[in-house]
Amino acid sequence: MASQAANEHSNRRYAVGLARAFGGAIIFGLPNLMTMEMWFLGFYLDRPRLLLFLIVNFGILVGLSRFSGFEETASFKEDLLDALAAYGVGVIASAAVLSICGILTPDMSTSEIMGKIAVQSVPTSFGAMIARKQMGGTEDQEEQDVAERRAGYAWQLFLMVAGALFLAFNLAPTEEMILIGFKMTPRHSIALVLASIVILHAFVYGVGFAGQEQAPEGSGFWRLFVFYTIAGYGVALLVSVYVLWTFGRMEGADLGQIVSMTAVLAFPAAVGAAIARLVV
Amino acid sequence: MAEKARRRESRRRARTGQPLLEWIAAAIGLLLTLAVLGALGWESVKGSGARPPAIEASIGAITPTPAGYVVEVELRNRSSATAAAVEVEGELTKADGTVATSTTTVDYVPGDSTRKAGLFFQDDPRRHRVDVRALGFAEP
């Protein structure tokens, strides 16, 4: 009897977690769900690249489950279950919102419907995964384990990748990315790169350690700057290139254009990398 | 108290594993994940090839309105490649040989999909010859 009651209790807790996950999926997904370019990408995005991106996204979900997720996790199996559930929530939430808005209709081809949902499932599943932390997670024993796991440098880098990927993915589909690239002169680009680095460092140094992790012992300005800020900007650049490639933005662009588009996208990516360590 | 309860909960979880609901949610998630990956994977393998968009235009319903007659045009893309900025032209040829032309542009006609557009004409298209065709497209 007691174990049955306990089971009901844990089921209820999980149900609450799921509800939060849906909330997170909607909040993080809405900017994309209501963006025209994202619907169009659903049917013309190159399929192998979209497939690859979904697999990368799934890996990120499994990794994020280590740090937060809507359930505390103790093992890789649980992380996998968590990631699957979060992806399921993302797909359902995307399909629901797109249908309500009349973006998905029954007379569309399977390819179009699947593509539209697949593109949106990236930000919505991300939101579903980090919802617990965002929407009233509790401090407990396992939270501490999570905090310990955060400390590793590889995990720090992973978090930066996740944050950069999320923000870059949000912005890369819009025409504005290309337009901004055209409007900026090389001087603007250089200024933007420097601004990105300064902002990233401000987050790493000023905000990043508030209640998050201890500044490494005896770490001077340069150590922090090189291992977190510059490494973080490198992550932002690589992620930007990858996202631009996924969206087919590089086709037919010359090197100069690619560099300026990358610099533009690396700005939000750097901000994403910086705040991921606070948000997740 | 709450702290204690949570500890117990966490120990219990370690012993009995995940709640049933977690398995159900994960199973649904797995199903959806495989569905999306499967559909995209199949499309990847099938590929759009090098086939360019092939758009057929056909005439649908004709409706008289105060602004003139509306000829509904259905655009069917026979290729799996998406066409953007599709120009559509309709020509109404009267018995005396005079021709009236109306055009419109459709933002996107996705691969293997249909989109609808409308053309206005002053004369009743049902009493004259009307031809519609897609003029061209841009790559998205």
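Quick note: structure is the one above.
This section reports on the structure supplied with the text. (Residues numbered from 1 in each chain as written. Chains lettered and ligands numbered in written order. Predicted model: local features only at pLDDT ≥ 70, side-chain atom pairs only at ≥ 80, totals over all residues. Heavy atoms only, no water.)

1. Here we look at the packing of aromatic side chains
So, point 1. Going through the model one piece at a time under the given rule, you end up with 15 aromatic pairs over all chains.
So, point 2. For the ring pair A:Phe40 and B:Tyr108, a centre distance of 4.1 Å and an interplane angle of 40 degrees mean the geometry is tilted. Here A:Phe40 is found in helix H2 (residues 36-44), whereas its partner B:Tyr108 is found in strand S4 (residues 99-109) on a different chain. Of the two residues, A:Phe40 and B:Tyr108, both sit in the buried class.
So, point 3. Taking 5.2 Å as the distance between ring centres and 25 degrees as the angle between the ring planes, the aromatic pair formed by A:Phe53 and A:Phe169 counts as stacked. Residue A:Phe53 is found in helix H3 (residues 47-67), and its partner A:Phe169 is found in helix H7 (residues 153-171); the two are separated by 116 residues along the sequence.
So, point 4. Site record: aromatic cluster; members linked through ring pairs are A:Phe53, A:Phe169, A:Tyr242, A:Trp245 and A:Phe247. (Phe/Tyr/Trp six-rings, centres within 6.5 Å; stacked < 30°, edge-to-face > 60°. Helix = DSSP H or I, 4+ residues; strand = E, 2+ residues; numbered from the N terminus. Buried < 20%, exposed > 50% of the residue type's maximum accessible area, 1.4 Å probe, protein only.)

2. Looking at the pattern of salt bridges
Two side chains carrying opposite charge are able to pair once their charged atoms lie near each other.
Residue and element names in this part refer to chain A.
So, point 1. Here the structure, examined in full by the defined rule, presents eleven salt bridges over all chains.
So, point 2. In this structure, the salt-bridge partner of Asp46 is Arg49, at a minimum N-O distance of 3.4 Å.
So, point 3. Exposure remark for Asp46: the relative accessible area of 37% places this residue in the partly exposed category.
So, point 4. For the salt bridge of Glu112 with Lys116, the shortest nitrogen-to-oxygen distance reads 3.1 Å. Highlighted residues: Glu112 and Lys116, both in helix H5 (residues 110-134), separated by four residues, approximately one helical turn.
So, point 5. On the basis of relative accessible area, Glu112 is assigned to the buried category, the value being 0%.
So, point 6. Under the relative-accessibility criterion, Lys116 is labelled buried at 4%.
So, point 7. A network of salt bridges, in which partner residues are shared, links Asp46, Arg49 and Glu251. (Salt bridge = Lys/Arg side-chain N within 4 Å of Asp/Glu carboxyl O.)

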